[in-house]
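Per-entry structural report
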Amino acid sequence: MSWNQGGGPWGNQGGNQGGNNQGNPWGQRGGGGNGGPDGPDLDEMLRRSQERFRNAFGGGSPKGSGLLVALAVVAVIALQGMTQGHFLGFYRINDGEVAVVQRFGAVVRQEPPGLRWLVPLAEKYTAVSTSRINRVELGVPAQTTSTRNRDSSNDNLMMLSGDSNMVDVQFTVQWRVSDAVKFLFNMRNPDMTLKMAAEGVMREVMGQNQIMTAIGSGREAIRQDVEKRLRELMTTYDAGINVDSVQLQRMEAPAPVIDAFIKAQNAQQDANKAVNIAEGYRSSVLPQARAEANRMLEEARAYKSQVVAGAQGDADRFTQVYNAYKQAQTTTTTRLYLETMEQVLGGANKLVLDGATAGKALPYLPLDTLRRAPAATTATTAAPAASTHNNSGNN
C-alpha cells in the first residue's frame, strides 16, 4: 500500500514540520484547533450522505420511485387488514363459525373454521356463528327495563283469546343460523323479523283458543302449535334461520283483574268438582239400577214363560182327556172317579169290604183307638170309613 508522501491513509501533508508534530487523520496539527485550511469539509460530507439516501429510496430516479410506491401499497394493505381483522390477507375462523367472503361486494365462497387467506383490498369476510343458540324474548315486564333504555316492544304482551278475554303472555324463541349467506343478505334485520313473526303467530294461536284452555291444560298444545307454525313461517321467509324451540314463561290474566279472575277460576273449579262428584255418583248408581231392572225383567219373563207353559200343559191335558172321553165314556168316567178318590182318600185310614161280607160284618166302636187318637182325627177317620162302607155297599 502506498502512502502519499508518508502522510498516512488520510493523505495528510503535514510531514515533519517542526520536529515531531505529525498530523492526525483529520489533518490537525500538533493538537491544535479543529479543522484548518487543510481539514475535511463536514457540510460536503453531509450533502453526499443525503444524496446517497435519496438515490437509494427514490430520490428522483425511477427505481427509487417504484420502491416508495411498493412501500406505500404494503402500508395501505397492512392498515386495511388491521381494520378488517386480518393482516396481509390472513385471518382465522373459530369453531362453530362460517366465513362469508365477498369480492367487491359479491359473495364468492364460504370458509370453514381454521386459518384462511383472502385477497387484500379486493375481498373481505364476515364471520357468522352457526352453533350459537340465540334468544328472542317477548312480553318482558316493563318494570324490568330502565326508563332511559325502555323499549316499547318489550312491554307486556296482551293478547285476545277466542272467547274475547285478555291474556298476558311472555315467551322465548330460541333459534340458530342455518344458512349464513341467506342470514346476511336475504333480510335487512332477521332478528326483528323473527320477533315480529313470533308475536304474530302467538296472537293467531291465542285467537283460536279460550282463556281457560290457554292458562290450564292447553298450554303445552298451544306451545307446540306456535313452534310448528313459526318454524314453517320462517322457512317460507328463506331467512337462513332455524327455530329450535318456543318456551312459555307466563300465560295468565292481566294483573288488574287477576284477583277477580282467580276467584272466578276457583268458582269454576268448584262447579267442575260438584259436577264430577255428581257424575261419579251417577256412574255408580246407574249401573246398579240397570242391573236390578234387568234382573226383574228376567224374572218376569221367566214367570211368564212358566205360567204360559203350565197353562198350555193343562189345556193340552184337558184336551187329551176330552178326546179319550169321547172315545170311551164309561172307562174314562171310572178312571176319573178312581183318580179323584185316590187323591182324596190317599192318606186316610180305611177298610174296604166286598159285597159278600158287607152284610155279615158287625159294626163296633173302636173305643181303644178313639181313646188314643185325637177327636178330630177320630171324626175324620170315621166319616171316610162310613163313606167307604156305603160306597162298598153300592158297588
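Definitions and limits used
Residues numbered from 1 in each chain as written. Predicted model: local features only at pLDDT ≥ 70, side-chain atom pairs only at ≥ 80, totals over all residues. Heavy atoms only, no water. Pairing = 2+ DSSP bridges. Helix = DSSP H or I, 4+ residues; strand = E, 2+ residues; numbered from the N terminus. Axes fitted to C-alpha atoms, helices over the stretch in contact; angles between N-to-C directions. Phe/Tyr/Trp six-rings, centres within 6.5 Å; stacked < 30°, edge-to-face > 60°. Buried < 20%, exposed > 50% of the residue type's maximum accessible area, 1.4 Å probe, protein only. Core = buried A, V, L, I, M, F, W, Y, C linked by side-chain atoms within 4.5 Å. Domains from an automatic or database assignment. Contact = heavy atoms within 4.5 Å. Expected span 1.5 Å × (residues − 1). Arc of directions from axis to C-beta. Parallel < 35°, antiparallel > 145°, perpendicular 65-115°, else oblique. Nonpolar A, V, L, I, M, F, W, Y, C, P; charged D, E, K, R; others polar. Patch = residues over 30% accessible without salt bridge, like charges linked within 9 Å, V, L, I, M, F, W, Y side chains within 5 Å. Areas by Shrake-Rupley, 256 points an atom, 1.4 Å probe, with all protein chains shown as cover. Salt bridge = Lys/Arg side-chain N within 4 Å of Asp/Glu carboxyl O. pLDDT = per-residue confidence, 0-100. Left-handed = near helix turned anticlockwise from the far one by under 90°.

**Structural notes on the sheet that holds strand β5 (residues 123-129)**
Read from one edge to the other, the open sheet built from three strands follows the order β3-β2-β5, with strand pairing classed as antiparallel. A strand with exactly one partner marks an edge of an open sheet, and here the two such strands are β3 (106-111) and β5. Direction aside, the axes of adjacent strands within the sheet are offset by 25 degrees on average. When strand β2 (residues 97-103) meets β5, the two strands line up antiparallel, connected through seven bridges.

**Examining the packing of aromatic side chains**
Inspection of the entire model under this criterion finds two aromatic pairs. Centroid distance Y91 to Y125: 4.1 Å. Interplanar angle 15 degrees. Geometry classified as stacked. Placement of Y91 in strand β1 (residues 90-93) and of Y125 in strand β5 is noted, with a sequence separation of 34 residues between them. On the basis of an interplanar angle of 35 degrees and a centroid distance of 6.0 Å, the ring pair of W175 and F183 is categorised as tilted. Assessed through its relative accessible area of 16%, F183 is described here as buried.

**Some thoughts on the nonpolar core**
Side chains that are nonpolar tend, in soluble globular proteins, to be buried together. Core analysis: the biggest nonpolar cluster contains 38 residues, and F171, V173, L194, M202, L230 and M251 have the highest contact counts within it. Three or more residues apiece are contributed to this core by two domains, here domain 2 (89-132) and domain 3 (135-143 + 152-253). Filtering out sequence-adjacent residues up to four positions away, M251 remains in contact with V167, D168, V169, M202, M206, A214, I215, R219 and I222. Counting six residues, the second largest nonpolar core, distinct from the first, contains Y91, I93, V101 and L118.

**Digging into helix α4 (residues 190-206)**
Between the first and last C-alpha of α4 there are 24 Å, a value that for 17 residues agrees with the 24 Å anticipated at 1.5 Å per step. Every buried residue of α4 is listed here: P190, L194, K195, A197, A198, V201, M202, V205 and M206. The arc enclosing the buried residues of α4, seen along the axis, measures out at 165 degrees, which places them on a common side.

**Digging into unusual backbone geometry**
The backbone of S164 shows a phi angle near 65 degrees, a positive value even though the residue is not glycine. For S164, the position within the fold is in the loop between β7 (157-160) and β8 (166-177). The class for S164 is exposed, based on a relative accessible area of 58%.

**Considerations on the packing of helix α7 (residues 258-327) against helix α8 (residues 329-345)**
Two numbers describe how α7 lies on α8: the axes approach to 5 Å, and their chain directions differ by 130 degrees. The angle between α7 and α8 places the two elements in the oblique class. Here V321, A324, Y325 and Q327 of α7 lie close against α8, whose contacting residues are Q329, T332, T333 and L336. Looking at the contact of α7 with α8, its residues break down into four nonpolar, four polar and no charged.

**Overview of a nonpolar patch on the surface**
A cluster of nonpolar side chains, contributed by F90, L115, W117 and V119, occupies part of the molecular surface with about 410 Å² of accessible area. What makes V119 partly exposed here is its relative accessible area of 32%.

**Focus on the pattern of salt bridges**
Within the structure shown, the criterion is met by 19 salt bridges. Close ionic contact of R109 with E123 constitutes a salt bridge, the shortest N to O distance being 3.2 Å. Residue R109 is located in strand β3, and its partner E123 is located in strand β5; the two are separated by 14 residues in the primary sequence. The class for R109 is partly exposed, based on a relative accessible area of 25%. Overall, E123 belongs to the buried group, its relative accessible area being 3%. The structure contains a network of salt bridges with shared partners spanning R103, R109, E111, R116 and E123.

**A few points about the confidence of the model for the protein**
It should be kept in mind that the predicted coordinates are not to be read in detail where pLDDT is low. Across the protein, pLDDT averages 74, with 64% of residues at or above 70. Note that pLDDT drops below 50 for residues 378-395; the model gives that stretch 13 contacts with residues more than four away or on any other chain.

**A look at the packing of α4 against helix α6 (residues 219-237)**
In a pair of packed helices, the angle between the axes and the distance between the axes together describe the arrangement. Between α4 and α6, whose axes approach to 9 Å, the crossing angle comes to 135 degrees. As far as their axial angle goes, α6 and α4 are oblique. Two packed elements cross with a definite hand, and for α4 against α6 that hand is right-handed. Between α4 and α6, the residues in contact are T193, L194, A197, A198, V201, M202, E204, V205 and M206 and I222, D225, V226, R229, L230, L233, M234 and Y237, respectively. Partitioning the contact of α4 with α6 into residue classes produces 13 nonpolar, one polar and three charged.

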